[in-house]
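Structural overview for review
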Amino acid sequence: MQDKEAIPMDLDSEVQHDFHPFVRQYKSGRVVRFATADTVPAGTDTAGTGVSSRDVVINPTTGLWARLYLPPLPAGSRDDAKLPVIVYYDGGAFVIGSTADRPTHEYLNSLAAGANALVVSVEYRRAPEHPLPAAHDDAWEGLEWVASHASAAAEDGAGAEPWLAEHGDPSRVFLAGSSAGGNIAHHVAVRAGGGERGSLGVRVRGLLVIHPYFIGEAPVGVEAALDAALKAWGDALWPGPDDPLCNPFSEAAGGSAARVAAERVLVCVAEKDLLRDRGVWYYENLKGSGYRGEVELHESAGEGHVFHYTNPGCEQARELQARVLRFLHVEGV
């Protein structure tokens, strides 16, 4: 009889990590995503907000791109009138999702219209094919791209992305994201507040994190009850349980959270979200980190994770949208 150890394993069928219902990774490296994406092309939202969108390649080598959302400009508006710029990062646990997914696309149409802002949604690479910190690096490159076009427009306009050059105000930039995108937005804000901040040439007015995805070695609230499969996936996803990417207040993070470049931060949580307690933890720890800006918290009663995507017409979604718009419009922004 042949020795079991001598029989080669079928690595293409043996599961290494299972993150059902999102993704499964096999030992061969093959990745299967279970959900079928409902994506929509860029264009004009003629049936709703009137917002126009277009896709722009940022880095052809890595495939990094962004979808830009421009609200309808009032008739007779000045050609030099500038709009605030919201650099947005969508969610999906770092493994699924896209700015082209219908719920995200429709949410960003409504955000651009309600805020009267130019939205730049950065399509970062996903794990596990592109392990972290690829997503964070792409997100930073997206902000650099926004800043570079603002600088080009200030010089002679040559080579500048026209919507950013003609309509974007580099002195009114916001960083925003939901779920994993909230994690990413935080880290981009920290990086912008570090040694590289001066080279950007944009002013980050605010940081908006909605239902942010962070973890830590010590469980917070309901995290202690998470199933083993979810914990195992987290161990596979993150470089380490208290790596700064997942725990921005760990010893390894070295107090970096205090460098958040934004002048103000709004943290949004939902009562029935498994990430609710970790979101409140983020809010409380950021307040105590030495960060000198204002930190605010908004909680949506009776709702779950990213409910504003799945049920945008409900009362709590309307309240969340109103709170976000007040945050974006403060001080005449």
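The structure contained in this document is the topic of the report that follows. The structure presented is a predicted model; accordingly, all values stated were derived computationally and were not measured. (Residues numbered from 1 in each chain as written. Predicted model: local features only at pLDDT ≥ 70, side-chain atom pairs only at ≥ 80, totals over all residues. Heavy atoms only, no water.)

The secondary structure content of the chain amounts to nine helices and 11 strands. Counting all 333 residues of the chain, 50% fall into the buried class. A separation threshold of at least 6 residues defines the contact pool for the chain, and within that pool the share at least 24 residues apart is 74%. By element, 51% of the accessible surface of the chain is carried by carbon and sulfur atoms, the whole surface being about 14900 Å². (Helix = DSSP H or I, 4+ residues; strand = E, 2+ residues; numbered from the N terminus. Buried < 20%, exposed > 50% of the residue type's maximum accessible area, 1.4 Å probe, protein only. Contact = heavy atoms within 4.5 Å. Areas by Shrake-Rupley, 256 points an atom, 1.4 Å probe, with all protein chains shown as cover.)

Looking now at the sheet that holds strand 2 (residues 23-26). Pairing is antiparallel across the open sheet formed by three strands, whose spatial order is 1-2-3. Looking at strand neighbours, the two that pair on one side only are strand 1 (15-19) and strand 3 (31-33), the edges of this open sheet. Strand-to-strand, the axes of this sheet are offset by a mean angle of 10 degrees, without reference to chain direction. Pairing of strand 1 with strand 2, which is carried by four bridges, proceeds in the antiparallel orientation. When the bridges of strand 2 are listed, phenylalanine 19 appears paired with valine 23. (Pairing = 2+ DSSP bridges. Axes fitted to C-alpha atoms, helices over the stretch in contact; angles between N-to-C directions.)

Now for unusual backbone geometry. Generally, phi is negative for residues other than glycine and the peptide bonds are trans, each holding for most cases. Cis geometry marks the peptide bond from alanine 127 to proline 128, where omega comes out at 0 degrees. Position of proline 128 relative to the elements: it lies in the loop between strand 7 (118-123) and helix 2 (134-155). Cis geometry marks the peptide bond from leucine 132 to proline 133, where omega comes out at 15 degrees. In this structure, proline 133 sits in the loop between strand 7 and helix 2. For asparagine 116, which is not glycine, the phi torsion reads 50 degrees and is therefore positive.

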